[in-house]
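Report on the structure
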Amino acid sequence: MKIQAAIDLVPLEKAVMLIEELAAADIIELGTSLSKDFGLACLVQTRGIPRAGQLLVDIKTIDEGEYEFRRYFEAGADILTVMGAGAKATLDVCYQVAEEFGKEMLIDLLECSEERIANIAGAYPNAIYAMHFAKDAGRVADVAGQVAAFRQQFPEIQRVALAGGLQLADIPALKAAGLEIAIVGSGITGAEDPAQALQNFMEEAQ
């Protein structure tokens, strides 16, 4: 299982420092606040920092999909996010651009109904489908059980990620449930020693 270290709600200078500290992560995420506060500059100013894994920008595209995906892929992103609740045409064009660039699309399933997920489940075989428990709604109990149920309900979805207040103790059960990517924010970046926290998560994920 991969660990995605999500950097959010910090100044760009702090984000640069965190990327350097978290260079060993499988995926480093530049969170939505960075893309909203700094636009493409958040990517341009960080893409050259040496790192082991991929760089994801959580732009949460919901319209203008081709424009946004092209601009951010051209600027150096490896993975970009699109909202699953958006128009099917938006998801289609985002996926086409990702395939064209040889990059990846992550579909954020926040507030998507089961019917909606079923309608898009088989359409994008190389995409990552991210279960997302909203931060504003508080922590969800039995996150591993939720993942297992999701995989059983939508077997055609091969790549599953999860975001939503994940803690170190959650990782073994999530791995056993077949999760591909655990998205961890404050559990890593809010730690006293983010690099050590990342190492702890990655060791549990192996």
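The rules we used
- Residues numbered from 1 in each chain as written.
- Predicted model: local features only at pLDDT ≥ 70, side-chain atom pairs only at ≥ 80, totals over all residues.
- Heavy atoms only, no water.
- Pairing = 2+ DSSP bridges.
- Helix = DSSP H or I, 4+ residues; strand = E, 2+ residues; numbered from the N terminus.
- Axes fitted to C-alpha atoms, helices over the stretch in contact; angles between N-to-C directions.
- Buried < 20%, exposed > 50% of the residue type's maximum accessible area, 1.4 Å probe, protein only.
- Right-handed = clockwise from strand over helix to strand, strands pointing away.
- Phe/Tyr/Trp six-rings, centres within 6.5 Å; stacked < 30°, edge-to-face > 60°.
- Parallel < 35°, antiparallel > 145°, perpendicular 65-115°, else oblique.
- Left-handed = near helix turned anticlockwise from the far one by under 90°.
- Contact = heavy atoms within 4.5 Å.

**What about the sheet that holds strand E6 (residues 128-132)?**
Read once around its circumference, the closed barrel built from eight strands follows the order E1-E2-E3-E4-E5-E6-E7-E8, with strand pairing classed as parallel. Between one strand axis and the next, the sheet turns by 25° as a mean value, whatever way the strands run. In terms of strand pairing, strand E2 (residues 27-30) meets strand E3 (residues 54-61) through four bridges, oriented parallel. Within E3, the position partnered with isoleucine 27 by the bridge is glutamine 54.

**Some details on the pairing of strand E7 (residues 160-163)**
Burial along E7 is two-sided: the residues Val160 and Leu162 and Ala161 and Ala163 are all buried. Of the pairings in the sheet, the one linking E6 to E7 comprises four bridges and is parallel in character. For histidine 132, the partnering residue across the bridge sits in E7 and is alanine 163. Read as a crossover between parallel neighbours, the route from E7 over helix H8 (residues 171-176) to strand E8 (residues 181-184) is right-handed.

**Digging into the packing of aromatic side chains**
What describes a pair of aromatic rings is the distance from one ring centre to the other and the angle between the planes of the rings. Taken as a whole and judged by the stated rule, the model has four aromatic pairs. Measuring from ring centre to ring centre gives 5.5 Å for phenylalanine 69 and phenylalanine 73, while their planes differ by 90°; the resulting arrangement is edge-to-face. Highlighted residues: phenylalanine 69 and phenylalanine 73, both in helix H4 (residues 65-74), separated by four residues, approximately one helical turn. By the burial criterion, phenylalanine 69 is buried, and phenylalanine 73 matches it. Of the aromatic side chains, those joined through ring pairs into one cluster are Phe69, Phe73 and Phe101.

**Some remarks on the packing of H4 against helix H5 (residues 88-101)**
Relative orientation of the contacting elements H4 and H5 amounts to 25°, with a least axis distance of 8 Å. Taken together, H4 and H5 sit at an angle that is classed as roughly parallel. Judged by the twist between their axes, the crossing of H4 over H5 is right-handed. Contact residues: Gly65, Glu66, Phe69, Arg70, Phe73 and Glu74 in H4; Thr90, Val93, Cys94, Val97, Ala98, Glu100 and Phe101 in H5.

**Details of the pairing of strand E1 (residues 2-7)**
Of all six residues in E1, five are buried, a share of seventy percent or more. Bridge count between E1 and E8: four bridges; the pairing is parallel. When the sheet's bridge partners are listed, lysine 2 is paired in E8 with isoleucine 181. One crossover worth recording links E1 to the parallel E2 by way of helix H1 (residues 12-21), and it is right-handed.

That is the geometry; function is a separate question.
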